[in-house]
Structure formats: C-alpha cells, structure tokens
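Understanding the architecture of this molecule
Single-letter residue listing:
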Amino acid sequence: MGSSNTYDRLQELKAFDESKSGVKGVVESGITKIPRIFIRPPEEIAGDEGLGSERGQTQFEIPVIDLKDIVATGGDHADDDVVGKVRCAAETVGFFQVVNHGIPMKLLQEMLAAARVFHELPKEVKMEYYTREEKRRVKFSSNFDLYQSKYANWRDTLFCVMAPEPLDPQELPLVCRDVTMEYSKQIAALGNVLFELLSESLGLKADYLKSMDCAKGHCLLSHYYPPCPQPELTMGTTKHSDPDFLTILLQDHIGGLQVLCHNQWIDVPPLPGALVVNIGDLLQLMSNDRLKSVEHRVLANVEGPRVSVACFFTLHTHPTTRTYGPIKELLSPHKPPLYSHTSLQDFIAYYDNKGLDGYSALSHFKL
Ligand code: OGA
Ligand code: NI
C-alpha cells in the first residue's frame, strides 16, 4: 500500500504542476476538500504538539521599531537607541516590524494590490509565466520544493530577480510592472538603511555589511495564499528560515505569519503601513550566531486570499566568487568560528535541494 501511495502522489504532483495554474487553480476547480498532496503528515502535526500555537496566547511580542529619525538623516547618524533596539530584536527573536521607514503607504497598498491582480489573472495568461527553470528572472510557480517536500503548501508565488543586474521591465507582467519597479527601488534604499543599522548593532562600521555586498541584490516574491476550505490540514508556508542575508516583508491585513520563539508560535500581527524585517541564514552565519535567523511559518486561512510580498536580499542568482563565513572582527579565542565559508550558490543549492522540511540549512555548514 505504501508504494502505491507514493506512486499516486508523484502522479498527482505532476498533474498539479502541469496544470500550471497553482493552488488558485485548485480552488477555482470548485473543491470542498483539499487534495491529498497538500495534507500535513501526522508526524509533522505531532511535532507541533507541546508548542503553544493558539493565537494571542503568549507573553512574547515582535518589537516595533520607529525609523523616523534615521530615515530623515539618511541613516548617517543612527541614534544609539534605534541601534540598540535593532540589536536586541536581531539577537533574540530575529524579527521586528519597522514603521516610519520612508516608503509611502500608498505604494505599499499598490504593491499588494498589483500582486493580487497578477494572481487573479485568468489562468491562461498566468500560465505563460509558469516555470521551474532556474535561469528565468521572472517566474510564476507554486511550491518551489513541490517534488522534495512531504506535503505541498497552500500558496502560489511570483518570483522576480530585481538586482544587481537591472531587470528589463518588459519581463514583468504588465499588471504589476510599474509598481514592482518602484517598490523595488524604494525597498532597496530601505535595505541599505537596515544593513547600516545591523552593521552598527554588531559594533562594525556602518557600511561594513554593504561592503560585503549584502545589499547589492534582491528578489521580490509575491505570495498568494488562496482561501482554504480545510486550513487546519495544511499550511500556507511550512516552517523554515530564510536563505538570504535579510528579508523585508510586506503583508496584508489577513495575518497567519508566525515566528517560533522560546518553543512557542507567536503571531506577527498585521500593522498597517509597517514592514516586517527578519534576519536570514547568511547573516546568522556571518555574525557567528549573534544575529538569529529564526524559523517562521504561515498558516493557511479560510477568509483569504492573503497576499504578501517578500524582498529577499541575496546574490545567489548573480555569478560571484565571493564566499561568506563568520566575520573576522567578530571572532576571538573565546568566540571561535562556528561555520565554514560557503559560496552563495552552494548555500542555495543545498537549501533548494533540501526543500522546506522544517530543519535549518545552517547546520549543514556548521564546523
Ligand atoms: C518567505 C516568508 C512569509 C509571508 O517568503 O520566506 O516567510 O508572510 N513569507 O508570506
Ligand atoms: Ni520566510
């Protein structure tokens, strides 16, 4: 029985993939029960037992940091208070929200709306962008780890590599073209400010992380989490940490993003106008575990769709010979390096090949 199950599963995964219409297409087909490829296996659910996951039931909160004074001075005179708050958040929960970050509310709303419009295009139009080809800079797909993961997530994604090589706007779908270009420009500027603050929070010169090219490249991932008839049986995004330097996330009002903190799932509540910032695996590696790349997940929801736009600061699609390892200024006889050096290509190849399995890719690079 086991093997016939496995065979069916592969067939069903392929049928889903070949439909090129993602989870949104499954919902449109009028199902009332979710297909079995999306069902979380019992051992995964068992792994959650003992973890507090009831909404609103925890004493921990994701800090909110006001960047008003920083953005006004162009980041030059980061006041110690803000640096201290960033340090505290980045060294503990690994997540914080920023407000007064300088990106107008209108642009945030337009970005979310445009992402939604793309995902709600007729499937014949969206299909043209559907691909698993690594080289393509603009691709629509569902479940990047479809064939590796134990169960598929209730989520579709439009993935766009925006920098360092400028993206030809013509490659973007018309419905989200202009707003994506503008959002990318503004989020890159905010990224610069955040890398300065993070450098300072590590006791390094403000431009240290930028000089390591951490801010040089970014991708935008526009996620669409369709309403799910049985949200308790699946997941919007399986528990994972991010395979980049830093992530800036724009989420809509639905909620469902949770962070694992002291063995409890805590909510990242939607806050209008705020952006969610989290440390990625590569900054944890470079900071020799001072900054924390913390696991998080997204619950499937009934009331959706939920839309979010994640900006991943990374260079993995850009050919570079640079390798990343613990920063030497942060090492001492008492603080020996915990990780080996890796190229970004090797890191991402390992991450993608593993898929979202609930385990961190970082442990593979531990010395
Ligand atoms: C991600 C991620 C969260 C969200 O893209 O890595 O964790 O709310 N996204 O979509
Ligand atoms: Ni993530």
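On to the packing of aromatic side chains, then. Summed over all chains, the structure comprises 9 aromatic pairs. Taken together, a centroid distance of 5.5 Å and an interplanar angle of 85° make the contact between F16 and F38 edge-to-face. Remark: F38 occurs in the loop between helix 2 (22-28) and helix 3 (42-48) and F16 occurs in helix 1 (residues 2-18); sequence separation between them is 22 residues. For the pair formed by F16 and F38, the shared burial category is buried. Taken together, a centroid distance of 5.6 Å and an interplanar angle of 75° make the contact between F118 and F140 edge-to-face. Pair noted here: F118 is in helix 6 (residues 105-119) and F140 is in strand 3 (residues 138-141), with a separation of 22 residues, a long-range link. Take F118 and F140: they sit in the same class, and that class is buried.

Turning our attention to the coordination of the nickel ion (ligand 2). Surrounding the nickel ion (ligand 2) are the protein donor atoms H240 (NE2), D242 (OD) and H296 (NE2), which sit 2.1 Å from the metal. Between consecutive donor residues of the nickel ion (ligand 2), the sequence gaps follow H-x1-D-x53-H. Of the two residues, D242 sits in the loop between strand 6 (237-240) and strand 7 (246-251) while H296 sits in strand 11 (residues 296-298), which places them 54 residues apart along the sequence. With respect to class, D242 is no different from H296; both count as buried.

Attention now goes to helix 5 (residues 80-91). For helix 5, built from 12 residues, the straight-helix expectation of 16 Å at 1.5 Å per residue is met to within 8% by its first-to-last C-alpha distance of 16 Å. Within helix 5, burial applies to V82, V83, V86, A89 and A90. Taken around the axis of helix 5, the buried residues stretch over an arc of 135°, which confines them to a single face. In this fold, the buried residues of helix 5 make contact with strand 1 (64-66), helix 4 (68-72), strand 2 (95-99), helix 8 (177-201) and strand 10 (275-279).

Further remarks concern the packing of helix 6 against helix 8. Where helix 6 meets helix 8, the closest approach of the two axes is 10 Å, and the angle between their N-to-C directions is 130°. Viewed along their axes, helix 6 and helix 8 adopt a mutual orientation that is oblique. Taken as a pair, helix 6 and helix 8 cross one another with a handedness that is left-handed. On helix 8, the residues touching L107, L108, E110, M111 and A114 of helix 6 are V179, T180, E182, Y183 and Q186.

Here the focus is the nonpolar core. Ranked by size, the top nonpolar core spans 75 residues in total, and within it Y183, L194, F245, L246, L275, L283 and M286 carry the most contacts. Residue contributions to this core peak at 9 residues, all from helix 8. Not counting the four nearest positions on each side in its chain, L283 is found in contact with F195, L198, L209, D244, F245, L246 and L291. In this structure, I62, F159, V259 and V298 belong to the second largest nonpolar core, which totals 19 residues.

Looking now at unusual backbone geometry. Note that the residue after A163, namely P164, is joined by a cis bond; omega there is 15°. Tracing the sequence through the fold places P164 in the loop between strand 4 (156-163) and helix 8. For D213, which is not glycine, the phi dihedral falls at a positive 70°. Along the chain, D213 turns up in the loop between helix 9 (208-211) and strand 5 (218-225). You will see that N263, though not glycine, has its phi angle at about 60°, which is positive. Within the element layout of this structure, N263 appears in the loop between strand 8 (257-261) and strand 9 (264-267).

Rules used throughout
- Residues numbered from 1 in each chain as written.
- Chains lettered and ligands numbered in written order.
- Predicted model: local features only at pLDDT ≥ 70, side-chain atom pairs only at ≥ 80, totals over all residues.
- Heavy atoms only, no water.
- Phe/Tyr/Trp six-rings, centres within 6.5 Å; stacked < 30°, edge-to-face > 60°.
- Helix = DSSP H or I, 4+ residues; strand = E, 2+ residues; numbered from the N terminus.
- Buried < 20%, exposed > 50% of the residue type's maximum accessible area, 1.4 Å probe, protein only.
- Donors = N, O, S within 2.8 Å, 3.2 Å for Na, K, Ca; no water.
- Expected span 1.5 Å × (residues − 1).
- Arc of directions from axis to C-beta.
- Contact = heavy atoms within 4.5 Å.
- Axes fitted to C-alpha atoms, helices over the stretch in contact; angles between N-to-C directions.
- Parallel < 35°, antiparallel > 145°, perpendicular 65-115°, else oblique.
- Left-handed = near helix turned anticlockwise from the far one by under 90°.
- Core = buried A, V, L, I, M, F, W, Y, C linked by side-chain atoms within 4.5 Å.

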